[in-house]
Each structure stands twice: as C-alpha cells, then as structure tokens.
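Chain residues, written in single-letter form:
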Amino acid sequence: MMRRSIVKGVGAYLPEKVLTNDDLSQLVETSDEWIKQRTGIERRHIAADGELTCDLSAKAALAAMDNAGVTADDIDLVILATTTPDNTFPATAARVQAKLGVSKGPAFDVQAVCSGFIFALTQADNMIRLGQAKRALVIGAEIYSRILDWQDRSTCVLFGDGAGAIVLEAAEGEGSNTDRGVLATSLGTDGRCYDHLYVDGGVASTQTAGVVKMAGKEVFRQAVSRMCESVEQVLADCDLSKEDLNWLIPHQANIRIINKVGDKLGLDGSKVIVTVQDHANTSAATIPLALTHGVKKGLFKPGDVIALTAMGGGFTWGAALLRW
Ligand code: ACO
C-alpha cells in the first residue's frame, strides 16, 4: 500500500471587472486582432480597488472546499502559490488561513511565478505522502494588474488577475500507476535565466514592487521545450507514455505556446484544456482555473490520466501527473 493525494475538490474566482482587448486599445497602441492572433487572449479580469490576493485566494478556496464537501476543520495545510502577496511578510497564506477559519497545521506561500501552482502541489503531495498532512488547500492566486507597466504594450496585454484552488486529500493506493491521485511530479529551475523574465523592483533592491519585464521570444522558446520535457519526465517516472495521456492542462500564457506543447506531445487539440482567452495569463492561478473549468464541464472521467505543466520566471518549470 502507498499513501497518495487525490483531488477532492476544485474552485475558482475571477474578479468582477473585465478588461477587453478593445478596452486595452484605448490605453496603448494595440488591437484586438493583434492580441488575439499572437496570444489567443480576448479579455482579462482586474481586481477592484482594495481587493487583495488574500480575498481572491479565500474565494477560490471556499469554492474548492464546497466542491469537496469539507469545512475549515477538515483542512490541516494551506499552501498559496503567488508572486503578488498582500505584504512582503507575513505569507499571504497566513491571512487566507485566518479568513477561512482554518486552525490546524502550517500555512505558507510558494514563489515560483507561473510554475508556482506545480511547486505548491508538489509540496502538498509530498507532505501528504509523508503523513504530515491529511487534507491540504493548494491555491494559486495573483493580482498582476498591480505589477504591470500599463504603458508597455509588450507586457500589459498578456496578464490578468484571478485565483484557483484545489483540496488535496490523503488516500490509500497500491503504489502502482493505476492508483488515483497524484502519480508523479517533476520540478526544475535554471537561475541563469533570471533576467529573461523578472520584475524590476523588490524589497532588497529598490524597495518598490516593480513592473514585469520580459524577453518574449526567449520565454516562448523555453516554455515549449521545458513544458514538454516535464510532461515526458513524469510519464516516464510512472512507466506511462504519451499515448496514455487523456488530458493536458498547460499553463495558460499564450495559445501558440499551448498548441505547440499539445502538438509536440501528440495530443489532439480537443484533449488540451484552453481558458487563456477568458482570463489571460494569471501566473500561478492559470492551472487551477483551467482544472476547475474542466471539472465544471464534466470533461474528466474516473481513470483519466491528466498532465499539468507550467513554465515561468526563474526560469522555473514543472509537471504533475494525476489519475482522476
Ligand atoms: N500590440 C501591437 N503590437 C505589438 C504589441 C501589442 N500589444 N506588442 C508588441 N507589438 C509589436 C512589436 O513592437 C513588434 O513590432 P515591430 O515588428 O515593429 O518591432 C511586433 O509587434 C512583433 O513583436 P514580437 O515581439 O516579434 O511578437 P511575437 O510574435 O514574438 O509575440 C509575444 C510577442 C506575444 C510576447 C510572444 O513573444 C510571447 O507570447 N512570448 C511568450 C511570453 C509569455 O507568454 N510571457 C508570459 C509570462 S511567461 C509564461 O507564462 C510562460
């Protein structure tokens, strides 16, 4: 027997305010046509004044707890993946824990930018398998609208605000690749690429939050190769092949990256979850947002093999393989 973590519930939250491509073309020299053709993005959501990452997180987490049929008393671990915390410290996860009324176990943030949710999921899965937690909330939440240069058309059209969450629960498996739950995870970082995608501010450097700076073409190139390699790695770790994959949930940054990753893995487009058109790149939140979309649409059948994968600033990357 082997302890596994299974996805018990999913939830999402997008702020009320919607900013369309046409709205953006009033702010910078761009067009709906350019943004749609180069990125697939049609709209993004923007947090209201005074709305914080903890608020988005708590709303997504409550939806996931409701979907899982659990209460705050059942949760004993909260991990929040975010690049846009409410404060430099404490961890925004601590505030989320208090807002939800969770009182058991640790709550902490994970910072791996767009790969953050995969890093947080890996951490939660490891803690559950070690017996350090029974039921974890794993959240990805971001307010990128506050770290964008709204005069820079090369970045401001790409991002949005939002949150997604899952409840991950301990279950007994046989230890084989037919078990339900998280079968394998794989993470990587190449710090030499730090300057390809970064925010030009920070506590130790400028004492400001800064804004996103990006070498778009290099990010694009590495995103495709790193996400494919990560998925191939978790499949190999489970003695499974690309043919065994039923669904791919890639980080939602750009439809062209998503399509290339799907093609390279030999997956039919109908098996690749795409939500980037509705919320743009919400960094650590895109994977739980897309997972929630798939669950709400009733796409996943018991036994389906689902690969989650992301790549982001650092560079960081990773994948998780789940059996539904
Ligand atoms: N509207 C109109 N024109 C624009 C815009 C815009 N919003 N932004 C750039 N352009 C112009 C450029 O100035 C350039 O003009 P020029 O030819 O006169 O110099 C032209 O469009 C082409 O620009 P490119 O940078 O060559 O366009 P490209 O096809 O590479 O697309 C993009 C740019 C969309 C940023 C692409 O490189 C990309 O998606 N990269 C990945 C970046 C990404 O997804 N980052 C998210 C974070 S990382 C992650 O999540 C994986």
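For the structure itself, look to the data block above.
Computed from a prediction, not measured in an experiment: that's the story for all the values here.

### What to know about the site of the ligand
Next, step 1: Not every one of the 23 residues close to the ligand is listed here, only the nearest: Thr30, Arg38, Lys217, His251 and Asn254.
Next, step 2: One of the side-chain N or O atoms of Lys217 is found 2.5 Å from an oxygen atom in the ligand.
Next, step 3: Within the side chain of His251, an N or O atom sits 2.7 Å from an oxygen atom of the ligand.
Next, step 4: With the chains in place, 73% of the 1000 Å² that the ligand exposes on its own is no longer accessible.
Next, step 5: Looking at the shell around the ligand, the elements that each hand over two or more residues are α2 (32-39), α6 (153-156), α7 (216-237) and α8 (255-264).
Next, step 6: The element that contributes the greatest number of residues to the shell around the ligand is α7, accounting for four residues.

### As for the nonpolar core
Next, step 1: In terms of nonpolar packing, the biggest core is built from 49 residues, with Val231, Leu245, Leu248, Val261 and Leu321 touching the most fellow members.
Next, step 2: Of all the secondary-structure elements, those providing two or more residues to this core are β8 (181-189), α7, α8, β12 (305-312) and β13 (316-323).
Next, step 3: Top element by residues in this core is α7. It accounts for nine residues.
Next, step 4: Among the domains, domain 1 (2-173) and domain 2 (181-323) are the pair contributing at least three residues each to this core.
Next, step 5: The residues contacting Val231, other than those within four sequence positions of it, are Leu245, Leu248, Leu265, Ala307, Thr309 and Ala319.
Next, step 6: Formed by 35 residues, the second largest nonpolar core is a distinct cluster that contains Ala124, Met127, Ile166 and Ile306.

### Looking at α8
Next, step 1: Within α8, burial applies to Ile255, Ile257, Ile258, Val261 and Gly262. Considered in projection along α8, the buried side chains sweep an arc of 160° and stay on one side of the axis. Relative to its buried face, α8 has exposed residues pointing more than 90 degrees away, namely Asp263 and Lys264.
Next, step 2: Looking at where α8 begins, the residue whose side-chain oxygen comes 2.7 Å from the main-chain nitrogen of Arg256 is Asn254.
Next, step 3: Within two residues after α8, Gly266 carries a phi angle of roughly 75°, on the positive side.

### Considering the sheet that holds β13
Next, step 1: If you trace the four strands from one edge of the open sheet to the other, you get β8-β13-β12-β11, paired in mixed fashion. Both edges of this open sheet fall to β8 and β11 (247-250), since each of them pairs with a single strand only. Averaged over all neighbouring strand pairs, the angle between strand axes comes to 15°, with direction disregarded.
Next, step 2: Pairing geometry for β12 and β13, over eight bridges, is antiparallel. Of the residues in β13, the one forming a bridge with Ala310 is Gly318.
Next, step 3: Docked against the sheet, helix α5 (residues 116-129) engages β8, β12 and β13, running at close to 125° with respect to β8.

Here is what the cut-offs are and how they apply
Residues numbered from 1 in each chain as written. Predicted model: local features only at pLDDT ≥ 70, side-chain atom pairs only at ≥ 80, totals over all residues. Heavy atoms only, no water. Near = heavy atom within 4 Å. Polar contact = N/O pair within 3.5 Å; in protein donor to acceptor, adjacent residues only side chain to side chain. Areas by Shrake-Rupley, 256 points an atom, 1.4 Å probe, with all protein chains shown as cover. Helix = DSSP H or I, 4+ residues; strand = E, 2+ residues; numbered from the N terminus. Core = buried A, V, L, I, M, F, W, Y, C linked by side-chain atoms within 4.5 Å. Buried < 20%, exposed > 50% of the residue type's maximum accessible area, 1.4 Å probe, protein only. Domains from an automatic or database assignment. Contact = heavy atoms within 4.5 Å. Arc of directions from axis to C-beta. Pairing = 2+ DSSP bridges. Axes fitted to C-alpha atoms, helices over the stretch in contact; angles between N-to-C directions.

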